[in-house]
Amino acid sequence: MDLKSGVALHEIADGGMLTGEADGENVVLVRRGGEIFAVGAECTHYHGPLADGIVAGDTIRCPWHHACFDLRTGAATAPALNPIPVWDVEQRDGRVFVTTKREIPLAAPMQTNVKSVGIVGAGVAGNAAAEMMRREGFAGGITIIGAEETVPIDRPNLSKEYLAGSAPEEWMPLRDADFYRAQNIELITGRRAMLLDATTKTLTLDDRSTRTFDAILLATGSEPVRLSPPGAGRVHVLRTLRDSRAIIADAAKGKRAVVLGASFIGLEVAASLRAREVEVTVVAPDAIPLAKTMGVEIGAFIRRLHEEHGVRFRLGTTVATFEGDRVILATGEPLLADFIVAGVGVRPNTQLAQIGGLAVDHGIIVDEFLQTSAPGIYAAGDVAHYPDRFSGKNVRVEHWVAAGRQGQTAALNILGRRTPHTAAPFFWSAHYDVTINYTGNAAGYDGVEVRGSFDDRRALVAYRSGARVTAVATIGLDRESLLIERAMEDGDQQAVDRIVASIT
Ligand SMILES: Cc1cc2nc3c(=O)[nH]c(=O)nc-3n(C[C@H](O)[C@H](O)[C@H](O)COP(=O)(O)OP(=O)(O)OC[C@H]3O[C@@H](n4cnc5c(N)ncnc54)[C@H](O)[C@@H]3O)c2cc1C
Ligand code: FES
């Protein structure tokens, strides 16, 4: 439908959406009462169809990984980085006409006492923070110091399409080096911050140079737990592009891989290695994969799914030793392994915060504004232990979207725009053609309610603490996942219950 030729207003339900075209691009019209918005129909993260998402307040949200776009400006909230296009709209004689595509306005320079910001960690949180500061019109100095040798990368893809061989390496950078130059963001890669003086806000790098800032963001993320049995030194872990490349170098067709740990990362690695026709055995102490975090229902489904794709499991056991091309399990069983990948959890990188004397407890402790115990020093992403509004608990999550959003929120607070972190935790995990979306935080859940059908790939699992739903995992119910996220953000437990009950 050509939206420039107009469409009858009554064809768009209040609160509804209608898709069409303008200027050769797919456009979605959104009606909110008498107001109509026209925005690009594709999410700028991985091209998710926004018309299958939801409208929440003045935003439209993507069904795939919950990116959120301002209907008035197109501005993106993580995981999307780029805005969606916005068109002007006219209403005449009961019809709606999409007219001119708007230019993205340059941010007006902002006034702040902060003249320089140092960001430690070139991951998604650090990158999102730097971009948000520039988007808000901050003209001061921004320096990102990253220990990896690469620009910030699309880390989730390291265990998914990139490892499976279906995504080229060009897709991995979040931004290229030219972007940082153009934005006047100093990006120092391959350098580690070793010392933090929290009083003077001075960082000492591993080349002994020192840098002093008006504000610092610690976005140091986490790093994989490494195994200790004899011979474990040659076991792959997966956190960086270099790690993923090293696994790919070993992953020739017909090779035998042992994956240690039936975590999300371990299982995603198993799926990607199967795409390369590697023989895969997953070894884990759990009786059912993912059961501790996700419950036995999803765990059993995921195990079945992997078995259908040829993955073998050795569960309820661990590795005793690594001997040449064999892994000896605690049961005594030897497994032949051309290479081994461990996905047995991560630890937050809190060393710098500890050296700086900041409060640390399973992560860097921050308040709702993501400020640490030291004024002017903030933390975001995997490393931040923050008060979660919905569960009422202090939590630390290892989720891509949460890390990006926290980076964005920390940036606003650094610039003096007091903004609490209110987003409900969200993550996704992809296995073959099945994606699990998870919203909330189920830690300590005491009841599980399963709705829909795993066989139909349309299922929802609600995790309860007492009567409260604290988290929901969905398969094939992306819209419901979004609606539940929204209800959680609003603190509307009844709405959460209603959405859960609506799935049959
Ligand atoms: C293989 C893989 C797949 C994943 N898949 C998903 C998924 O599907 N969905 C999902 O929600 N999440 C997923 N995650 C988790 C997600 O990637 C993390 O939650 C996210 O990357 C955290 O971002 P961050 O910026 O906090 O930290 P990181 O991405 O860990 O970045 C921190 C950076 O800081 C650097 N650093 C640390 N200390 C210093 C220092 N002292 N000086 C300088 N630099 C330092 C590190 O080298 C690193 O580059 C996945 C993670 C991995 C590893
Ligand atoms: S495709 Fe839209 S959030 Fe990922």
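Shown above is the structure to which this text applies.
Residues numbered from 1 in each chain as written. Chains lettered and ligands numbered in written order. Predicted model: local features only at pLDDT ≥ 70, side-chain atom pairs only at ≥ 80, totals over all residues.

> Looking at this structure, how should I read the pairing of strand E15 (residues 202-205)?
A regular strand places its side chains so that they alternate between the two faces of the sheet. Bridging between strand E14 (residues 193-197) and E15 involves 4 bridges; their strand directions are antiparallel. When the bridges of E15 are listed, aspartate 197 appears paired with threonine 202. Counted along the chain from E14 to the antiparallel partner E15, the turn is 4 residues long, and its residue lysine 201 has a positive phi close to 55°. Judged from the 3 bridges that link them, E15 and strand E16 (residues 210-212) form a sheet pairing that is antiparallel. Pairing of threonine 202 across the sheet is with threonine 212, part of E16. Between the antiparallel neighbours E15 and E16 lie 4 residues, among them arginine 208 with a positive phi of about 75°. (Pairing = 2+ DSSP bridges. Helix = DSSP H or I, 4+ residues; strand = E, 2+ residues; numbered from the N terminus.)

> Please clarify how the packing of helix H1 (residues 124-135) against helix H9 (residues 400-414) should be interpreted in this entry.
A pair of packed helices is captured by two measures, namely the crossing angle of their axes and the spacing between those axes. Two elements in contact, H1 and H9, have axes separated by 7 Å at closest approach and are oriented at 40°. Seen along the crossing, H1 lies across H9 with a hand that is right-handed. For the pair H1 and H9, the contacting residues are Val124, Ala125, Gly126, Asn127, Ala128, Ala129, Met132 and Met133 in the first and Trp400, Ala403, Gly404, Gln406, Gly407, Gln408, Ala410, Ala411 and Leu412 in the second. Classifying every residue of the contact of H1 with H9 gives 11 nonpolar, 6 polar and no charged. (Axes fitted to C-alpha atoms, helices over the stretch in contact; angles between N-to-C directions. Left-handed = near helix turned anticlockwise from the far one by under 90°. Contact = placed C-beta atoms within 7 Å. Nonpolar A, V, L, I, M, F, W, Y, C, P; charged D, E, K, R; others polar.)

> How should the site of ligand 1 be read in this particular structure?
The full set close to ligand 1 counts 37 residues, and Gly121, Gly123, Gly221, Gly381 and Phe427 are the nearest of them. Looking at the shell around ligand 1, the elements with two or more residues in it are H1, strand E12 (141-146), H9 and strand E31 (426-431). Counted by class, the shell around ligand 1 contains 19 nonpolar, 12 polar and 6 charged residues. (Near = placed C-beta within 6 Å.)

> What is the right way to read the sheet that holds strand E17 (residues 215-218) from this model?
Paired through backbone hydrogen bonds, the strands of a sheet run either parallel or antiparallel to each other. Here 5 strands make up an open sheet; going across it, the order is E13-E12-E11-E17-E28 and the pairing parallel. The strands lining the two open edges of the sheet, one partner per strand, are strand E13 (185-189) and strand E28 (377-379). In this sheet, neighbouring strand axes are inclined to one another by 15° on average, regardless of whether the strands run parallel or antiparallel. Here 5 bridges tie strand E11 (residues 116-120) to E12, and the two strands are oriented parallel to one another. Across the sheet, serine 116 pairs through a bridge with glycine 141, a residue of E12.

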